[in-house]
Amino acid sequence: MNVIEIILKGILSLLLQPVFYLSILLTVLAGYNRVKWERRSFSVRIYSPFLELKNFFSLGIGIAIVLSVVSFFIGFGIMQVWIVIFNIVTILVLIVAMFRLSSTAITIGISSLVFYFCYYYDIKFGPFQDTLLSYDALYIDNFMIAMTFLLAILLFVEAWLIQHTSAKSPSPSLRKSGRGKLIGGFQLRKLWFIPLIAFVPGTEITHIFDFWPIFNIGSESYTLVLLPLVIGFQQQTRSELPEDLSRKIAMQVTTLAVIVAAIGLISIASPVMTLVAFVLAIISRFWISWRFYRTDKNAPLRYKPEPDGIVILGARKDTPSSRMHLVAGEKITEVNSIPVKNRTELYEALNKNRAFCKLKVVGLNGEPRFEQTALYENDSFELGLLLVEPR
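Residues numbered from 1 in each chain as written. Predicted model: local features only at pLDDT ≥ 70, side-chain atom pairs only at ≥ 80, totals over all residues. Heavy atoms only, no water.

Draft legend 1. How the structure looks around the UniProt feature "transmembrane region" (unreviewed entry) in the protein chain. The feature "transmembrane region" (unreviewed entry), as given by UniProt, occupies residues 6–32, 53–74, 80–99, 106–123, 143–162, 182–200, 212–233 and 249–269 in the numbering adopted here. End C-alpha atoms of residues 80–99 are separated by 25 Å, and the span's content is 90% helix alongside 0% strand. Overall, residues 182–200 shows 0% helix and 100% strand. The separation of its end C-alpha atoms is 54 Å. (UniProt positions renumbered as here; feature names shortened; annotations may be inferred. Helix = DSSP H or I, 4+ residues; strand = E, 2+ residues; numbered from the N terminus.)

Right, dumping it as structure tokens:
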């Protein structure tokens, strides 16, 4: 069997893993629910319903290629029992918490702990248990150490994705506060797909799927599998800019990645420390999400109605407002030199001059400035502004 055929059949192995289908389904449903909230809040769709699906398949592919090349040259292999456990754990996490807890710290951490538990208590996985391999203590220790370093690398990747992509196209919405007032906020929700090429030692999997490609390196036999890693992120903010929230969370995830990598180095001398790394990663990643959720819930609201102007929540793409440098949380106090306090007054002021729009905007620093743009025949009558105002 030539190399191309082996690679192609290895890629097709992705279609046999349920995580791939479930993650696509949930991504599509997330887009549908977002559009529903956009229409409920602003009576118009803001982003394409396939935005989440586009993000799902975009950056992760390039990252997966780099990681796969590295894993190939260092000879990293994944046990097929671990792959079965990983699929089960990831499915449960996606169903229970969708994107919020779909961090590799949780999916890989729990999968590795369950795998070690099954090894320690000699729990079998039927046809997926490779009886030809010697599951001795040294072999399992080396595998757990390798998984610790893989987790550290993926946490670095997760932090980078959160910082550089999670705040792009944040989903704005209007909801009622605990006191019944209409307030604005942003939902940052992403799911990234990283199909990692992995080598599985042994040939037991061919007893189930006889078409599975096998190749030899020295005296050892391996099969090629595409592991459907998914990294999820979901956080809501009503108190700060999405970019600021993403940066803060990314810094803490980066710190966690450094700690896990350091424990991985220690585990080379003391393999039991790998268990500490996985437990710490699971608890810490859950705590990071919970901490920012509680902080946002108790912090002063940034996007709430103001008596002396109209608070901006965003601007729709390809509209007059998108041509002006408007930032969420800023406040419009005048339109065409006419003071405005609500949507009706804003549109009345716009009608004074349908060829030009000049806004007086109070920035986040409290300083006023002017933004202006020409209005064209096909431009949105409402400027494409997303506003927070009493209803």
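That was the structure; now back to the text.
Draft legend 2. Region of interest: the pairing of strand β9 (residues 368–374). With 7 bridges joining them, strand β8 (residues 356–362) and β9 adopt antiparallel strand pairing. Bridge pairing in β9 places Leu 359 opposite Glu 371. (Pairing = 2+ DSSP bridges.)

Draft legend 3. Spotlight on helix α6 (residues 104–120). Between its first and last C-alpha atoms α6 spans 23 Å; for 17 residues at 1.5 Å apiece the expected length is 24 Å, and the two agree. Looking at α6, one finds that the buried residues are Thr 104, Ala 105, Ile 106, Thr 107, Ile 108, Gly 109, Ser 111, Ser 112, Phe 115 and Cys 118. Sitting at the head of α6, Ser 103 places a side-chain oxygen 3.1 Å from the backbone nitrogen of Ala 105. (Expected span 1.5 Å × (residues − 1). Buried < 20%, exposed > 50% of the residue type's maximum accessible area, 1.4 Å probe, protein only. Polar contact = N/O pair within 3.5 Å; in protein donor to acceptor, adjacent residues only side chain to side chain.)

Draft legend 4. How the structure looks around the packing of helix α5 (residues 80–97) against α6. Direction vectors running N to C along α5 and α6 enclose 135°, while the axes themselves pass 9 Å from each other. With respect to each other, α5 and α6 are oriented oblique. Crossing angle aside, the handedness with which α5 passes α6 is right-handed. Here Val 81, Trp 82, Ile 85, Phe 86, Val 89, Thr 90 and Val 93 of α5 lie close against α6, whose contacting residues are Ile 106, Thr 107, Ile 108, Ile 110, Ser 111, Ser 112, Val 114, Phe 115 and Cys 118. When grouped by side-chain class, the residues that make up the contact of α5 with α6 number 12 nonpolar, 4 polar and no charged. (Axes fitted to C-alpha atoms, helices over the stretch in contact; angles between N-to-C directions. Parallel < 35°, antiparallel > 145°, perpendicular 65-115°, else oblique. Left-handed = near helix turned anticlockwise from the far one by under 90°. Contact = heavy atoms within 4.5 Å. Nonpolar A, V, L, I, M, F, W, Y, C, P; charged D, E, K, R; others polar.)

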